[in-house]
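Coordinates in review
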Amino acid sequence: VCLFLLLVWFAVDYRRFAVRLRLLRRLEQEITLSTEQLPEPDGALEAQYQALVRALDADRRAQLTRSQQGYQELVEYYTVWAHQIKTPIAAMRLLLQSPAPDPGEVGVQLTRIEQYVQMALACQRLGSPTTDYVIRRCPLEPIARAQVRQLAPLFVHKRLSLEFVIPTDVTVLTDEKWLGFVLGQLLMNALQYTREGGVRLYLEPDAPLTLVIADSGCGIRPEDLPRVFEQGYTGLGGRQNQGSTGLGLHLCRQITDRLGHSLRLE
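Now for a description of the structure that goes with this document.

Each value, and the rule that gives it
- Residues numbered from 1 in each chain as written.
- Predicted model: local features only at pLDDT ≥ 70, side-chain atom pairs only at ≥ 80, totals over all residues.
- Heavy atoms only, no water.
- Helix = DSSP H or I, 4+ residues; strand = E, 2+ residues; numbered from the N terminus.
- Buried < 20%, exposed > 50% of the residue type's maximum accessible area, 1.4 Å probe, protein only.
- Contact = heavy atoms within 4.5 Å.
- Areas by Shrake-Rupley, 256 points an atom, 1.4 Å probe, with all protein chains shown as cover.
- Pairing = 2+ DSSP bridges.
- Patch = residues over 30% accessible without salt bridge, like charges linked within 9 Å, V, L, I, M, F, W, Y side chains within 5 Å.
- Salt bridge = Lys/Arg side-chain N within 4 Å of Asp/Glu carboxyl O.

**Examining the overall build of the protein chain**
Counting secondary structure elements, the protein chain contains eight helices and five strands. The order of α-helices and β-strands along the protein chain, N terminus first, is α-α-α-β-α-α-β-β-α-β-β-α-α. Each of the 266 residues in the protein chain was classed as buried or not, and the buried ones make up 32%. Sequence separation of 24 or more characterises 66% of the internal contacts of the protein chain that already satisfy a separation of 6 or more. Per element, the accessible surface of the protein chain, about 17,300 Å² overall, is 59% carbon and sulfur.

This is how it looks when you write it as structure tokens:
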């Protein structure tokens with residue numbers, strides 16, 4: 001009798017075990033969809049295992065969402081970038097087809113292409129987990145002067161003045177390469193929207209650690225100011241200026257946040 005009861009109990013237990021095993025094997029193929037169909041836990045230990053599985057699944061879903069969002073942002077970015085870089089390329093092609101191309105105008109278009117390429121490289125490196133930052137004390141004046149020198153053809157072509165007042169003894173704790181990119185983008189924006197007058201670089205008298213890049217351009221509407229650092233946002237000025245991508249200031253904000261600098265626009 002005891003043997004018979006033991007066999008009955010073993011058969012019932014094995015059947016329950018087989019049902020749960022088939023369910024788990026089926027869920028193994030569908031685990032990418034949901035963990036809600038896990039069977040009721042058989043004891044505290046199995047309940048803990050299921051909680052661990054659900055936590056891992058939630059983390060995987062969060063990572064997948066971030067990855068998809070990052071990929072979508074990259075697609076949108078490079079779509080806009082490819083569309084915008086065609087403008088200086090087409091302009092340079094037309095200039096070179098003319099009997100006597102203007103070297104100054106060719107240089108301007110080449111500078112714009114270089115800026116777009118630097119922007120694309122910065123976006124790629126910024127999203128990489130292996131981005132290298134070399135944080136050290138750097139003199140500010142050579143970093144800013146290098147960017148001004150790179151954009152000199154645009155200053156000459158647009159006949160804009162430049163006031164450069166940065167003491168040589170001012171240092172900043174930063175990454176020289178990334179800070180230079182930010183300054184270059186801000187100067188490029190100033191040049192794009194300034195038709196007459198000029199650009200000034202100086203240290204704020206009331207805040208000696210604040211570098212100011214001021215221009216005499218058209219300015220930005222007050223309602224556009226809160227959104228100018230959003231990706232792809234150009235505002236009214238950007239829609240009127242076909243060379244605007246709405247990406248430069250967005251990258252500048254990301255970089256300054258990572259470097260521990262603040263960036264303010266008025």
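**What to know about unusual backbone geometry**
Despite not being glycine, Arg-159 shows a phi value in the positive range, around 55 degrees. Checked against the element boundaries, Arg-159 lands in the loop between helix H5 (152–158) and strand E2 (161–165). With a relative accessible area of 74%, Arg-159 lands in the exposed category.

**Describing the pairing of strand E4 (residues 198–203)**
Counting buried residues along E4, five of its six residues qualify, which places the element largely inside the surrounding structure. Across five bridges, E2 lies against E4 in parallel orientation. Bridge pairing in E4 links Glu-163 to Arg-200. Note that E4 and strand E5 (residues 211–215) share five bridges and pair antiparallel. If you follow Arg-200 over to E5, its bridge partner there is Ala-214.

**Overview of a nonpolar patch on the surface**
Among the surface-exposed residues, Leu-3, Leu-6, Leu-7, Trp-9, Phe-10, Tyr-14 and Phe-17 lie close enough to one another that they form a single nonpolar patch of about 850 Å² accessible area. The class for Leu-3 is exposed, based on a relative accessible area of 60%.

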